[in-house]
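This is what each chain is made of:
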Amino acid sequence: MERCLKTNLSRAILLGWADVNVTSEPSSQSDGAPLDTVSPDDMARRLRLALDVSKIGVFDADLETGHVTRDAVLMQIFGYDALPDEDAGDLLEKTLHPDDREQTWATINAGIASGEPFFNAFRIIRPDGEVRYIRSRSVTFQDDNGHKRLLGANWDVTEDIMLQQSLEQARALSETRYKALEGAWREIERRALHDQLTGLANRHALLHWLDSLPTLPDDTCPSRAILHIDLNRFKEINDTLGHRAGDAAIIYVAGLLEGLRHQDEWLARIGGDEFALMLSVGKRSGNAAVIAEDIIRVLEEPIPCEGHLCRCGVSIGLAHTSDAVDGRQALINAAIALSYAKAQKGSRAMVFTAELENRNRAIKQTADDILRGLENDAFIPFYQLQFDAKTLEVCGVETLARWQHPEHGILAPDRFLKIAEDIDVMWRIDRLLAEKASADFLRWRGEGLQVPRMSMNVSARRLLDPQLLAPFPTKNLPKGTFVFEMLESIFLDALDGEMSRAIDRIRKAGIAIEIDDFGTGHASVLGLTTLHPKRLKIDRALIAPLTRGERHRRLIAAIIEMGHALDIEIVAEGVETQAQIDLLRTMGCDVLQGYALARPMSAQNLAVFLQTRAVAVADAALRTESSPPAAE
Ligand code: C2E
Ligand code: CA
Ligand code: CA
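Residues numbered from 1 in each chain as written. Chains lettered and ligands numbered in written order. Predicted model: local features only at pLDDT ≥ 70, side-chain atom pairs only at ≥ 80, totals over all residues. Heavy atoms only, no water.

A. Just the overall build of the protein, in detail. In terms of helices and strands, the protein carries 22 helices and 22 strands. Considering only residue pairs separated by 6 or more positions, the protein has 61% of its internal contacts joining residues 24 or more positions apart. If you sum the accessible surface of the protein, you get close to 33000 Å²; carbon and sulfur atoms cover 52% of it. (Helix = DSSP H or I, 4+ residues; strand = E, 2+ residues; numbered from the N terminus. Contact = heavy atoms within 4.5 Å. Areas by Shrake-Rupley, 256 points an atom, 1.4 Å probe, with all protein chains shown as cover.)

Structure (structure tokens):
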């Protein structure tokens, strides 16, 4: 039997069929001798060895008698040590996986019928229940007895299939993971480009869009208008009604703007209460100013926020892409226009122009110069004397900031104060001046020059400076020697906890408080009674027309009367004529300050002025005559 199998195997291999790990080429050599010169026994031995090594099981079935011979490897593959009756039943039929049965037999029958070598793949279930994956190659031939036989080789590919399946599973898993990741990534991207509150695109997305515009200006690229929309009093809603109301207002406004947006236009929320609307080309962009007015009209209407109706108002900056080098620049231009719109009262739209750009550049230049000025110690105090209205004696001096500009000479605050405040350095200038002024003050006293008190202008922000009181040697001087002049708006707008604590500290330090520019802002008698300043300074805008009519005179008289009733002294600012001096004196004003008496001057000039004046007073005492005031 064994021998028969060997012979048949050799035959099969010589037929060029066997898919085994020995050479299938009849003429190739494994030990130097051509296979057809090797004896059949030797060849069978070699093949057996090769089959053992390759774990290929071999069967040989006599299709006439139904007798099947199987080698040990094949039995092993099928999970049997030996068949109880090797002819009994068909091992394949016995073990074939039911799902593969039909297909496997069909292939075998077709293969036998064709007479050609054929391939088969199926699963078997071993007696222990284990499922194995089998591949087979078979061929039919006629034996020496004229019997048709089927010779085949089976090998177990379960491990390969398992590996393939686990690779497949891993691939499917990684694909699912990839899909999930992709989804998460898309969500992250969506969030990164959208505003959570309103669902609108955010600043990021807008910049993305702007970057996608062709580089401008280009004749072939039609201009688009961009509107930078900023709510005017949104902070008040947030501060007074809370953040939920603020959020509701923003969502409502977003809805209104979305309603005004055309399909191909871009709308984004680019800040707390700021939106940008990029209009489509052509008529819409051409009508941008009209659209801006429409937006203003819509947003002038009350906004519902958490049960309240709020009027917010809106400012709009408008720029055209044709005026910019690229989309981002157009957005910056719209922001520049917006800053000018916001500087106006009420709801306004401003269009970006070359002139605005120049103005803006000049402001930026000044801001840079101010910062450099601070580094170079270019801010110095000037002093303007104040006079007792009754005696016309010097009773104080107001410190006024000046900027020693390297090109433009000495500059007054109208050239830098607003910008210094905008870039938040005015408090630093105030601090610097406080240090220099208190040093000058001590020097004058040391030189015997009579300056009873010194006033400083204090910006709201400087009130929060921890160094606020540090420059003033208050301990060794009478109370009220140093005076802080503050705009009444400071008290009315910002007298919250921190501010009122600062005011308390000022008072405790013996520094007097004066209200500056009285009559120009929102005067509040209530504010005056609670704050109780030492003095009120009537703004020069009210002093200027004083001698022009009874009505003006009566107003000043009323202020003086009210101040005195509240035990507050009155200072008249901007006194420019002798007639004003005379009138204010007769009206009972306490202190006079103005060009008619003394102009602001440098520390050096002030010392000279005071010395001259002291000499003049001495002369006058001798001649009982008064001398006219000197100028800067
Ligand atoms: P202010 O506190 O009302 O200062 C008085 C301003 O009126 C000064 O202008 C002064 O030069 C000017 N002035 C005085 N007498 C007359 C007069 O008879 N006629 C006219 N037409 N003007 C007169 P200045 O120095 O340009 O200051 C302008 C404003 O700048 C000040 O108004 C004050 O609000 C602010 N300021 C000045 N220095 C400082 C400072 O050191 N810190 C802060 N925070 N603000 C300052
Ligand atoms: Ca002042
Ligand atoms: Ca003033």
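B. Structural detail: the nonpolar core. Judged by nonpolar contacts, the single largest core of 74 residues is most densely connected at Ile429 and Trp444. Among the elements that make up this core, the one with the highest residue count is helix α15 (residues 426-446) (8 residues). Sequence-distant contacts of Trp444, defined by excluding residues within four places in its chain, comprise Tyr383, Val397, Leu449, Val451, Met454, Ala603, Leu606 and Ala607. With 30 residues, the next largest nonpolar core counts Ala254, Leu257, Leu267 and Leu279 among its residues. (Core = buried A, V, L, I, M, F, W, Y, C linked by side-chain atoms within 4.5 Å. Buried < 20%, exposed > 50% of the residue type's maximum accessible area, 1.4 Å probe, protein only.)

C. Quick peek at the side chain of Asp430. Tracing the chain through its elements places Asp430 in helix α15. At 5.1 Å, Arg462 is the nearest oppositely charged side chain to Asp430, a buried residue that forms no salt bridge. Other than its neighbours up to four places away in sequence, Asp430 contacts Asn457, Val458, Ser459 and Arg462. (Lys, Arg positive; Asp, Glu negative; His and termini not counted. Salt bridge = Lys/Arg side-chain N within 4 Å of Asp/Glu carboxyl O.)

D. Region of the structure containing helix α11 (residues 288-300). Relative to the 18 Å expected for 13 residues at 1.5 Å per residue, α11 spans 18 Å between its end C-alpha atoms, a close match to the ideal helical length. Buried residues in α11 make contact with β7 (225-231), α9 (243-260), β9 (274-278), α10 (283-286), β12 (314-320) and β13 (348-351). (Expected span 1.5 Å × (residues − 1).)

E. Highlighting the coordination of the calcium ion (ligand 2). Within the first shell, the calcium ion (ligand 2) binds the protein through Glu398 (OE), Asn457 (OD1), Glu485 (OE) and Asp516 (OD), at distances of 2.1 to 2.3 Å. Donor residues for the calcium ion (ligand 2) sit on one chain with the sequence pattern E-x58-N-x27-E-x30-D. (Donors = N, O, S within 2.8 Å, 3.2 Å for Na, K, Ca; no water.)

F. A look at the site of ligand 1. Ligand 1 sits among 24 residues. The nearest are Asp430, Asp516, Arg540, Glu576 and Tyr595. Arg402 places a polar side-chain atom, nitrogen or oxygen, 2.9 Å from an oxygen atom of ligand 1. At a separation of 3.1 Å, an oxygen atom of ligand 1 approaches a polar side-chain atom of Asn457. Relative to its unbound accessible area of 780 Å², ligand 1 is 85% covered by the protein chains. Those elements that provide at least two residues to the shell around ligand 1 are β15 (394-405), α15 and β19 (512-518). (Near = heavy atom within 4 Å. Polar contact = N/O pair within 3.5 Å; in protein donor to acceptor, adjacent residues only side chain to side chain.)

G. View of the sheet that holds β9. Strand order in this open sheet of 6 strands is β6-β8-β9-β7-β12-β13, and the pairing throughout is mixed. Either end of the sheet is taken by a strand with one partner, and the two such strands are β6 (201-202) and β13. Pairing of β7 with β9, which is carried by 5 bridges, proceeds in the antiparallel orientation. Residue pairing across strands places Asp230 opposite Glu274, the latter belonging to β9. Packed onto the sheet, helix α7 (residues 203-212) meets β6, β7, β8 (266-271) and β9 and runs at close to 130 degrees relative to β8. (Pairing = 2+ DSSP bridges. Axes fitted to C-alpha atoms, helices over the stretch in contact; angles between N-to-C directions.)

H. Structural context of the sheet that holds strand β3 (residues 118-125). What the 5 strands build is an open sheet, ordered β2-β1-β5-β4-β3; its pairing is antiparallel. Edge positions in the sheet fall to β2 (68-70) and β3, since each has one partner strand and no second. The average angle at which neighbouring strand axes cross in this sheet is 25 degrees, direction not considered. The pairing of strand β1 (residues 56-62) with β2 spans 3 bridges and is classified as antiparallel. Looking across to β2, one finds that Phe59 is bridged to Arg70. Against the sheet, helix α6 (residues 158-193) touches β4 (131-142) and β5 (148-156), its axis set at about 130 degrees to β4.

I. Geometry of the pattern of salt bridges. Evaluated as defined, the whole model comprises 41 salt bridges. Across the pair Arg149 and Asp143 runs a salt bridge whose closest N-O atoms are separated by 2.8 Å. Each member of the pair Arg149 and Asp143 is classed as buried. Residues participating in the shared-partner salt-bridge network are Arg126, Glu130, Arg132, Asp156 and Glu159.

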